[in-house]
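One letter stands for each residue in the lines below.
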Amino acid sequence: MNTSDFNLAISSLEGSFTKTAFFETIGSTNDVVAEWVHQGVKGMCLAAAGEQTRGRGRAGRTWQSSAGNCLAFSLLLDTESYINQESNVLGLAALSTALAICESLESQYGLKPEIKWPNDVLLDGKKVCGILPETEWNGDQLRSLIVGVGVNVTRNAIPTGDVLNFPATSIEEVLGDNVDQSKLFFSIVAQIVKKKMRTDLIKESENRMAYKDQEVDLVINGNIQTATVIGLAADGGLRAQLVDGEQRVFYTGEIQLRPHAK
Ligand code: BTN
């Protein structure tokens, strides 16, 4: 995405945000928004970048965002929507963002994206989008909720070399066509904003869940356990049945989910 893509998209989102900014190059858009929070900025905010030099992924991984090839942006979300969900704010924020992205890719391009619990969007079983939700708390008060989104748009968005921990793809690779990045960005952000408080989150996310009723490997503290994905708990946790028949709910940070290695 570039400045004109951003400006065009933002002109149609007038009134949704108290602060917006686009950076040709920045460290991490999540860090920009966190800095705004520390400066006292309130309400919904949006920072986007062409290129990130210190893009962050989950679990301390890096996230590469190269100019013109991807969407990289972060939103400061309205904490009110999540205030009664403090037990799993990160999980619910990731799910609602992933669901909005799936709905946008489906309505814009007729694609069939899936949610790989808890934070990824897949196309054809490969990762096309990663989501990094981050919270700050004042005791038990949720101070800020930032959701960072990285979408692989062109084939060149996919890092080369041995840096991927899961197979990746891009929208253009799956579509076999060029994508208008401004329209894509507008559609995703508008869907996130429009659907921020939804009662159908768990049901709709479950309908789009990758590996539902299938065997997966759950990496729990470095140990791999085979399990069958059942669905989602009411608070967005992963419901799975272990091989001994025990059903459990897992939460973000506790496990990683992988296709079952046969
Ligand atoms: C993951 O899959 O590990 C999450 C990747 C999240 C990447 C986005 S790009 C915009 C925002 N800024 C960052 O530094 N990270 C997120």
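Calculation criteria
Residues numbered from 1 in each chain as written. Predicted model: local features only at pLDDT ≥ 70, side-chain atom pairs only at ≥ 80, totals over all residues. Heavy atoms only, no water. Helix = DSSP H or I, 4+ residues; strand = E, 2+ residues; numbered from the N terminus. Rg over C-alpha atoms; globule rule 2.2 N^0.38 Å. Buried < 20%, exposed > 50% of the residue type's maximum accessible area, 1.4 Å probe, protein only. Contact = heavy atoms within 4.5 Å. Areas by Shrake-Rupley, 256 points an atom, 1.4 Å probe, with all protein chains shown as cover. Lys, Arg positive; Asp, Glu negative; His and termini not counted. Charge placed at Lys NZ, Arg CZ, Asp CG, Glu CD. Pairing = 2+ DSSP bridges. Axes fitted to C-alpha atoms, helices over the stretch in contact; angles between N-to-C directions. Expected span 1.5 Å × (residues − 1). Polar contact = N/O pair within 3.5 Å; in protein donor to acceptor, adjacent residues only side chain to side chain. Salt bridge = Lys/Arg side-chain N within 4 Å of Asp/Glu carboxyl O.

**Notes on the overall build of the protein**
- A count of helical and extended segments in the protein gives six helices and twelve strands.
- Relative to the compact-globule value of 18 Å for 262 residues, the protein shows a C-alpha radius of gyration of 18 Å, a close match.
- Over its C-alpha atoms, taken along the principal directions, the protein stretches across nearly 55 × 45 × 30 Å.
- Out of the 262 residues in the protein, the part that is buried amounts to 53%.
- A separation of at least 24 residues holds for 63% of the contacts in the protein among residues at least 6 apart in sequence.
- Accessible surface, the protein: about 11,900 Å² in total, of which carbon and sulfur atoms supply 45%.
- For the protein, the distance from the average site of its 24 positive side-chain charges to the average site of its 32 negative ones is 1 Å.

**Remarks on the sheet that holds strand β9 (residues 223-232)**
- Spatially, five strands are ordered β11-β10-β9-β8-β12 in an open sheet, and the strand pairing comes out antiparallel. With partners counted over all chains shown, the strands left at the sheet margins are β11 (247-250) and β12 (255-259), one partner each. Averaged over all pairs of adjacent strands, the angle between strand axes in this sheet comes to 45 degrees, irrespective of strand direction.
- Summarising the sheet, β9 and strand β10 (residues 238-242) pair through five bridges and their orientation is antiparallel. By the bridge assignment, Leu 232 is partnered in β10 with Leu 238.

**Digging into helix α5 (residues 181-194)**
- Between its first and last C-alpha atoms α5 spans 20 Å; for 14 residues at 1.5 Å apiece the expected length is 20 Å, and the two agree.
- The complete set of buried residues in α5 reads Gln 181, Ser 182, Leu 184, Phe 185, Ser 187, Ile 188, Val 189, Gln 191, Ile 192 and Val 193.
- Buried residues along α5 sit in contact with α1 (3-11), β2 (45-52), β3 (70-77), α3 (89-109), β7 (141-152) and α4 (171-175).
- The residue sitting at the N-terminus of α5 and contributing the capping side-chain oxygen is Asp 180; that oxygen lies 3.0 Å from the backbone nitrogen of Ser 182.

**Comments concerning the side chain of Lys 127**
- Mapped onto the fold, Lys 127 is located in strand β6 (residues 126-138).
- For Lys 127, the side chain forms a polar contact with the side chain of Asp 120, separated by 3.1 Å.
- Ignoring any residue separated from it by four or fewer positions in sequence, one finds Lys 127 in contact with Trp 63, Asp 120, Val 121, Leu 122, Asn 152, Phe 166, Pro 167, Ala 168 and Thr 169.

**Brief notes about the pattern of salt bridges**
- Under the definition given, this model contains nine salt bridges.
- The partner of Asp 120 in a salt bridge is Lys 127, and the shortest N-O contact between them spans 3.1 Å.
- With relative accessibility at 8%, the residue Asp 120 sits in the buried group.
- The partner of Glu 206 in a salt bridge is Arg 239, and the shortest N-O contact between them spans 3.8 Å.

Coordinates in, geometry out; function isn't part of it.
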